[in-house]
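Topology and contacts: notes
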Amino acid sequence: MRPGPIIDLHTHSRVSDGTQSPTELVQAAAAAGLDVLALTDHDTSGGWDEAVSAAASAGIELVRGMEISCRHRGRDVHLLAYLPDPAYEPLVNALQKILDGRNSRVPGILARLHELGIALTPDDVRRVSGDAAAVGRPHVADALVAAGVVRDREQAFDELLRPGRPAYVDRYAAPLEPMIRTVMEAGGVSVVAHAWGRANDPGPLDAAGFAELAAVGLSGIEVDHEDHEPGAREQLRAIARDLDLVVTGSSDHHGTGKTGHALGCNTTSPEEYARLLERAATAAAVSGRATPEVVTR
Ligand code: AMP
Ligand code: FE
Ligand code: FE
Ligand code: ZN
């Protein structure tokens, strides 16, 4: 029996905090045997054009997406947006505000590190964040690795950069419900990424919370993700089924920036992928915007 198509709907390139160029990512995905890949850099469509060109020659189907940094009732929520018109002005402005917030807190992080006796300069960070639309904590982590302060990103986050650690500085994130509406108005569909996070804690995203988001226009839940325990996956799958939300699965690949997230380690079923594309087609038609097409092979 021939296995069905392998579909991975959440990956990052160097245009955010992955370690591969969009071309390298697309080629790696094709080499890994993936049939469908979504590029979902944080808060930017900056890698789309290069990925489209690479997909055409690599012979892989490409979905243009992004992962938007949102906040909901005090909790960070990452919203995957697929196939929105990247020129829709409210979306452009909202993304710029997030990127600005990410960039502008870097001096604060460097000041905290300085107080800890770690002398990292803006240039040290710039050197490792070359292609990125904005400088995030993963880039600060890479600079710390390059300076020999820590072994890898994981140690940098665990000891210094995550909430509760001495060099953590908060930044702006977009309110979730308005962003779900903005993505829809841009003709795209949205899916909550790794909904319950590493702690497998629902927080405000329990069944009732998802019902509210579905009413606002949410299309799906990323259920199969490395951060979710088997039990959490089953509960999220049940919530999605009850609310008629699309169930996705993906690697959240960051190149060598995140271990345990190899391309295709979690995947989306062809049936759920088809449902997601159907909803995207509807959103595109209703919006009247010039939305990107899936690049087929
Ligand atoms: P920022 O948006 O600048 O606050 O950075 C957040 C990004 O850092 C997330 O999107 C993750 O990709 C990455 N990240 C968060 N926690 C970790 C961790 N423990 N190890 C490696 N990367 C992480
Ligand atoms: Fe990331
Ligand atoms: Fe995320
Ligand atoms: Zn991600």
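Shown above is the structure to which this text applies.
This text gives an overview of the structure that appears in the document. Each chain carries its own residue numbering, running from 1 in the written order of its sequence. The lettering of chains begins at A and the numbering of ligands begins at 1, in the order of writing. In keeping with the model being predicted, local features are shown solely for residues with a pLDDT of at least 70 and side-chain atom pairs are shown and tallied solely at 80 or more, while totals for entire chains, interfaces and linings include all residues. The side-chain quantities take in all heavy atoms of the structure and omit both hydrogens and water.

1. A short note on the coordination of the zinc ion (ligand 4)
Water is not among the atoms examined, so metal sites may look incomplete; donors are the N, O and S atoms within 2.8 Å of the metal, or within 3.2 Å for Na, K and Ca. Distances from the zinc ion (ligand 4) to its protein donors, namely H10 (NE2), H12 (NE2), E67 (OE) and D252 (OD), fall within the range 2.1 to 2.2 Å. Geometry at the zinc ion (ligand 4) is irregular, judged from the four donor atoms that bind it and their angles of 79 to 170 degrees at the metal. Look at where the donors of the zinc ion (ligand 4) fall in the sequence and you get H-x1-H-x54-E-x184-D. The metal-metal distance between the zinc ion (ligand 4) and the iron ion (ligand 2) is 4.6 Å. Between 85 and 135 degrees for all angles marks four donors as tetrahedral; over 155 degrees for opposite donors together with 65 to 115 for all other angles marks four donors as square planar and six as octahedral; every other arrangement is irregular.

2. Observations concerning the coordination of the iron ion (ligand 3)
Ligation of the iron ion (ligand 3) by protein atoms is provided by E67 (OE), H78 (ND1) and H194 (NE2), these donors lying 2.0 to 2.3 Å from the ion. Summarised as a motif, the one-chain spacing of the donors to the iron ion (ligand 3) is E-x10-H-x115-H. If you look at the iron ion (ligand 3) and the iron ion (ligand 2), they sit 5.5 Å from each other. In this pair, H78 is assigned in strand 4 (residues 75-82) and H194 in the loop between strand 6 (189-192) and helix 9 (207-216), connecting sequence segments 116 residues apart. A relative accessible area of 15% means that H194 is categorised as buried. Only DSSP runs of H or I reaching four residues or more are called helices, and only runs of E reaching two or more are called strands; each is numbered from the N terminus. Only protein chains enter the accessibility calculation, which uses a 1.4 Å probe; a residue is then buried when its area is under 20% of its type maximum, exposed when over 50%, and partly exposed in between.

3. Details of the side chain of H253
Here H253 lies in the loop between strand 8 (246-249) and helix 11 (270-287). Polar side-chain contacts of H253 include one of 3.0 Å to the side chain of Q20. Any pair of N or O atoms that falls within 3.5 Å is considered a polar contact. Within protein, one atom must be able to donate a hydrogen and the other to accept it, and sequence-neighbouring residues count only if both atoms are side-chain atoms. At 3.2 Å, the side chain of H253 forms a polar contact with the backbone nitrogen of G255.

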